Amino acid sequence: MEKFIPVVVLKELEDTIPTLTALKNNGINCAEITFRTACAKDAIALAVKEFPDMSVGAGTVINAEQCEQALAAGAQFIVSPGLSVAVAKICNERGIPYYPGCVTPTEIMQALELGITTVKFFPANIYGGLKALKALSAPFPQVTFIPTGGVDRSNIDEFLAFDKVAAIGGSFFVKEALEKAKNA
Ligand code: 3PG
């Protein structure tokens, strides 16, 4: 999987290409396009078509219907803020990676029961940051994490230094890329 997962919120469909171009030009080959805006499904389809060498997934997928829409649009991975058993089952059937948000031992155990060993840790800053990840890794050595929420340049390196961190998620990747593109 990609090491950096930018959380992309697109207000308009026409923002898709400039945003993904900025990410790509900033060395990031991935985009988690979130179902927080109405154009998510169309934006994913457009991104998959226009950026075939990027890993395009769907984020903020909170139910089976959104998951079906994301997969129909060509999403290559699915991310949720929490854990949805319905979404997990669909992804499992289609062989699509699913990264549910898990911050407690019970949630992690539920993910493991669904065959998931990489989870989103969200909101990372509120749920104890790196200290919490290290504590959770003791009973769950088979699990890797994607800390997201409150991660930025000030703390990304400490997360990356921990070997149970599979990837980093965050909206700051998008902000950085767009700022760079604007100043170019
Ligand atoms: C998400 O849904 O993953 C978060 O909104 C990302 O959090 P951030 O904006 O603090 O990176």
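Cut-offs and rules
- Residues numbered from 1 in each chain as written.
- Predicted model: local features only at pLDDT ≥ 70, side-chain atom pairs only at ≥ 80, totals over all residues.
- Heavy atoms only, no water.
- Buried < 20%, exposed > 50% of the residue type's maximum accessible area, 1.4 Å probe, protein only.
- Helix = DSSP H or I, 4+ residues; strand = E, 2+ residues; numbered from the N terminus.
- Pairing = 2+ DSSP bridges.
- Right-handed = clockwise from strand over helix to strand, strands pointing away.
- Arc of directions from axis to C-beta.
- Contact = heavy atoms within 4.5 Å.
- Axes fitted to C-alpha atoms, helices over the stretch in contact; angles between N-to-C directions.
- Parallel < 35°, antiparallel > 145°, perpendicular 65-115°, else oblique.
- Nonpolar A, V, L, I, M, F, W, Y, C, P; charged D, E, K, R; others polar.
- Phe/Tyr/Trp six-rings, centres within 6.5 Å; stacked < 30°, edge-to-face > 60°.
- Lys NZ or Arg CZ within 6 Å of the ring centre and 35° of its normal.
- Core = buried A, V, L, I, M, F, W, Y, C linked by side-chain atoms within 4.5 Å.

K.L.:
Residues and numbers for the pairing of strand E1 (residues 4-8), please.
P.N.:
Among the five residues in E1, four count as buried, and that is most of the element. Note: E1 against strand E2 (residues 30-34), two bridges, orientation parallel. Across the sheet, residue Val7 finds its bridge partner in E2, namely Glu32. In this view, the connection linking E1 to its parallel neighbour E2 by way of helix H1 (residues 16-25) has right-handed handedness.

K.L.:
Give me the lowdown on helix H3 (residues 64-73), citing residues and values where you can.
P.N.:
For H3, the set of buried residues is Gln66, Cys67, Ala70, Leu71 and Ala73. Angular distribution of buried residues about the axis of H3 spans 160°; they occupy a single face of the element. The exposed set on the far side of H3, more than 90 degrees from its buried face, consists of Glu65 and Ala72. Against helix H2 (40-50), strand E3 (55-59), strand E4 (78-79) and helix H4 (85-94) lie the buried residues of H3. In the stretch just after H3, Gly74 is the one whose phi turns positive, near 105°.

K.L.:
Pulling in residues and values, what's your account of the packing of H1 against helix H8 (residues 172-183)?
P.N.:
For any two helices packed against each other, one specifies the inter-axial angle together with the distance between the axes. The N-to-C vectors of H1 and H8 enclose an angle of 90°; their axes lie 8 Å apart at closest approach. The orientation of H1 relative to H8 falls into the category roughly perpendicular. On H8, the residues touching Pro18, Thr19, Ala22 and Leu23 of H1 are Phe173, Val174, Ala177, Leu178 and Ala181. Tallied by class, residues from the contact of H1 with H8 come to eight nonpolar, one polar and no charged.

K.L.:
Report on the packing of aromatic side chains, specifying residues and quantitative values.
P.N.:
Between two aromatic rings, the relevant description is the distance of the centres plus the angle of the planes. Counted under the stated rule, the structure contains four aromatic pairs. With a centroid separation of 6.3 Å and an interplanar angle of 50°, the aromatic rings of Phe77 and Tyr99 are classed as tilted. Residue Phe77 is found in the loop between H3 and E4, and its partner Tyr99 is found in strand E5 (residues 98-99); the two are separated by 22 residues along the sequence. By relative accessible area, Phe77 is classed as buried at 5%. Given the relative accessible area of 10%, Tyr99 is considered buried. Centroid distance Phe121 to Phe145: 6.2 Å. Interplanar angle 80°. Geometry classified as edge-to-face. Taken as a pair, Phe121 in strand E6 (residues 118-121) and Phe145 in strand E7 (residues 144-147) lie far apart in primary sequence, 24 residues in all. A residue is classified by how much of its surface remains accessible, and Phe145, at 0% relative accessible area, is buried. An aromatic cluster is defined as three or more aromatic residues linked by ring pairs; in this entry it consists of Phe4, Phe172 and Phe173. Here the basic side chain of Lys120 rests over the ring of Phe122, its NZ or CZ set 4.6 Å away from the ring centre.

K.L.:
Can you break down the nonpolar core residue by residue, with the values?
P.N.:
By size, the foremost hydrophobic cluster in this structure holds 56 residues, and its most contacted members are Leu23, Ile33, Ile44 and Ile78. Contacts of Leu23, omitting those with residues within four sequence positions, involve Pro6, Val8, Ile28, Cys30, Ala31, Met54, Phe173, Val174 and Ala177. Of all hydrophobic cores here, the second largest spans seven residues; its members include Ile5, Phe77, Ile146 and Ala167.

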